[in-house]
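# Structural overview
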Amino acid sequence: MSIDTRRIPRLLHPAWAIAAVTFLTMIGSAGFRAAPGVFMDPLHQEFGWSMGLMGSAVSLNLVLFGLTAPFSAALMERFGIRPVCMVALVLVAAGAILPVWMTSPWQLIVCWGLLIGLGTGSMSMSLVATVTGRWFHAKRGLISGVLTAANATGQLIFLPVLAAISHAAGWRWATSVVGLAAFAVVPLVLVFMRNRPEDLGTVAYGAPEGYRSPKSTGGARMALETLKIASRSRAFWFLAGTFAICGATTNGLVSTHFIPAAMDHGMHETTAASLLALVGIFDIVGTIGSGWLTDRVDPRILLVFYYGLRGVALSLLPSLFSGTMRPNMLAFVLFYGLDWVATVPPTMALARQHFGDRAPVVFGWIFACHQLGAALAAWGAGWIRDDTGTYASAFYIAAVLCLVAAAVCLTIRRINGPATSEAAPTPLAVSEPT
């Protein structure tokens, strides 16, 4: 079933409707990414499973999330955005609801790791790159910032709710809410999502008449060929390496382990979840603002600024934990929220500058490295906590890595032209061969 939007008066360009549905889809997939931090302590109390074991399940989730991303971009090229998103949402819903009946660790790994990893990976930043690349010729930086902020919005919506439900009725009811939320987005994707502007007889937003959105085919082969070509560029490895550090210091460490770390210092679970949700509030502002800045400022400079300040903030975090919510922790939450995924719009812009129309698939591989970094941090931080009884060393290591990322960003060669690379050549341009 679908609505013929060509018969609806065009008060707004249809690209904005596609962006709105994509935003809701990202929220639906973001729900579970906020959940492990809430569920880890209840599962530890009920089953006796260690933080390292549960961190391993989250780690597998993040690995599959990342490795699925470049292939999902290729599958969207081959089969279309709508079917890929629908299948992905169903996988997320199943992976969230089935744990209600689990009794063994392998079931946790299958649900949290396999099902949800594949589902969320299919709706990762590759979806953002694909939608902005096809539907927007102007304001790409702003739109990528808005859509990226959907991850934070999902965290904002789900974290306090999940913590409250888990505390009042148990973690099984809470995880069921995540699954039902993912299912609820499926009809919206079915009815409203379209693959390309040409499907509605129009052009991308801001594009001249006669412009056609980039098109390529080949599925998995295209993803692998793109990786082979992009891997010959220093820019690819610099972006992939710094984005791996981004993932390690956000999804892997803070998103997964902030709540258990706060509870180690006597903070109530709901209070800790609310603080992490506040990170989501400020991230919406920070990411949209970063998208706006990316259209106007050298994205390399933005990345140096973001990673450098993130490193300073993480070095201070272990000293800020306490049993109550103090002003200095609120200051950390405000700053870290503004910086959370502000790295995405400038990283995506640099990918477009260096790799042209294949940037969505290239960015899929860059995002895969983001999730590999997150997976290593999710596992490593859990192991450090089990071994030392504290998360402090994990936060200090992450701080140093952020400073390294800031230094690396200074070495990325600038390509002349607008940051959004709206005039990028059709072929895959490979810069800086090694």
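Residues numbered from 1 in each chain as written. Predicted model: local features only at pLDDT ≥ 70, side-chain atom pairs only at ≥ 80, totals over all residues. Heavy atoms only, no water.

## Re the overall build of the protein chain
Going by this rule: Strands are runs of DSSP state E lasting at least two residues, helices are runs of H or I lasting at least four, and both sets are numbered from the N terminus onward. Burial classes follow relative accessibility: with a 1.4 Å probe on protein chains only, a residue under 20% of its type's maximum area counts as buried, one over 50% as exposed, and anything between as partly exposed. What makes two residues a contact is simply this: any of their non-hydrogen atoms within 4.5 Å.
Along the backbone of the protein chain there are 16 helices and zero strands. Burial analysis of the protein chain (434 residues in total) assigns 59% to the buried set. Here the contacts in the protein chain between residues at least 6 apart in sequence split such that 85% fall between residues at least 24 apart.

## Quick word on the pattern of salt bridges
Convention followed: Here, a salt bridge means any Lys or Arg side-chain nitrogen found within 4 Å of an Asp or Glu carboxyl oxygen.
Under the definition given, this model contains four salt bridges. Between Arg385 and Asp264 there is a salt bridge, with the nearest N and O atoms lying 2.7 Å from each other. Taken as a pair, Arg385 in helix α15 (residues 359-388) and Asp264 in helix α10 (residues 234-264) lie far apart in primary sequence, 121 residues in all. For Arg385, a relative accessible area of 22% translates into the label partly exposed. In this structure, the salt-bridge partner of Arg300 is Asp298, at a minimum N-O distance of 2.7 Å. With respect to burial, Arg300 and Asp298 carry one shared label: buried.

## Comments concerning the confidence of the model for the protein chain
The line we're drawing: Each residue carries a pLDDT value, the predictor's own confidence for that position, ranging from 0 to 100.
Per-residue confidence for the protein chain gives a mean pLDDT of 80, with 87% of residues at or over 70. Looking over the protein chain, one finds the lowest element-wise mean pLDDT in helix α7 (residues 140-169), namely 76, and the highest in helix α16 (residues 392-409), namely 94. A low-confidence stretch, residues 417-434 stays under pLDDT 50, and its non-local contacts, those more than four residues away or across chains, total 50 contacts.

## Regarding the packing of aromatic side chains
We describe a pair of aromatic rings using the distance from one ring centre to the other and the angle between the two ring planes. Stated precisely, the cut-off is as follows: Here the aromatic set is Phe, Tyr and Trp, taking the six-membered ring for Trp, and pairing holds for ring centres within 6.5 Å; pairs whose planes are under 30 degrees apart are stacked, those over 60 apart are edge-to-face, and all others are tilted.
Scanning all chains against the criterion turns up ten aromatic pairs. Aromatic side chains Phe332 and Tyr336 sit 5.0 Å apart centroid to centroid with 20° between the ring planes, which places their arrangement in the stacked category. Of the two residues, Phe332 and Tyr336 both sit in helix α13 (residues 327-339), four residues apart, roughly one turn of that helix. Each member of the pair Phe332 and Tyr336 is classed as buried.

## Brief notes about the side chain of Gln371
Secondary-structure assignment places Gln371 in helix α15. Residue contacts for Gln371: discarding those within four places in its chain leaves Leu62, Val63, Phe65, Gly66 and Asn251.

## Describing the packing of helix α11 (residues 269-294) against α13
Cut-off, in case you're wondering: The angle between two axes is taken between their N-to-C directions and runs from 0 to 180 degrees, where each axis is a line fitted to C-alpha atoms and a helix contributes only its stretch in contact. Just so you know how the angles are binned, under 35 degrees is roughly parallel, over 145 roughly antiparallel, 65 to 115 roughly perpendicular, and the rest oblique. What makes a crossing left-handed is the near helix being turned counterclockwise from the far one by less than a right angle; a clockwise turn instead makes it right-handed.
Where α11 meets α13, the closest approach of the two axes is 6 Å, and the angle between their N-to-C directions is 40°. Relative to α13, the element α11 lies oblique. Here α11 and α13 pass one another in a crossing that is right-handed. Listed contacts from α13 to Leu275, Leu278, Val279, Phe282, Asp283, Val285 and Gly286 of α11 are Met329, Leu330, Val333, Leu334, Gly337 and Leu338.

## Considering the packing of α10 against helix α12 (residues 299-316)
Where α10 meets α12, the axes come as close as 12 Å, and the angle between the chain directions of the two elements is 35°. The crossing of α10 and α12 is left-handed. In contact with Thr242, Phe243, Cys246, Thr249, Thr250 and Val254 of α10, α12 contributes Tyr307, Arg310 and Leu314.

## Thoughts on α12
Our working rule: Each helix should span, by expectation, one fewer than its residue count multiplied by 1.5 Å.
Relative to the 26 Å expected for 18 residues at 1.5 Å per residue, α12 spans 26 Å between its end C-alpha atoms, a close match to the ideal helical length. All of the buried residues in α12 are Pro299, Arg300, Leu302, Leu303, Tyr306, Tyr307, Gly308, Arg310, Gly311, Ala313 and Leu314. Of the surrounding secondary structure, the elements contacted by the buried residues of α12 are α10, α11, α13, α14 (344-355) and α16.

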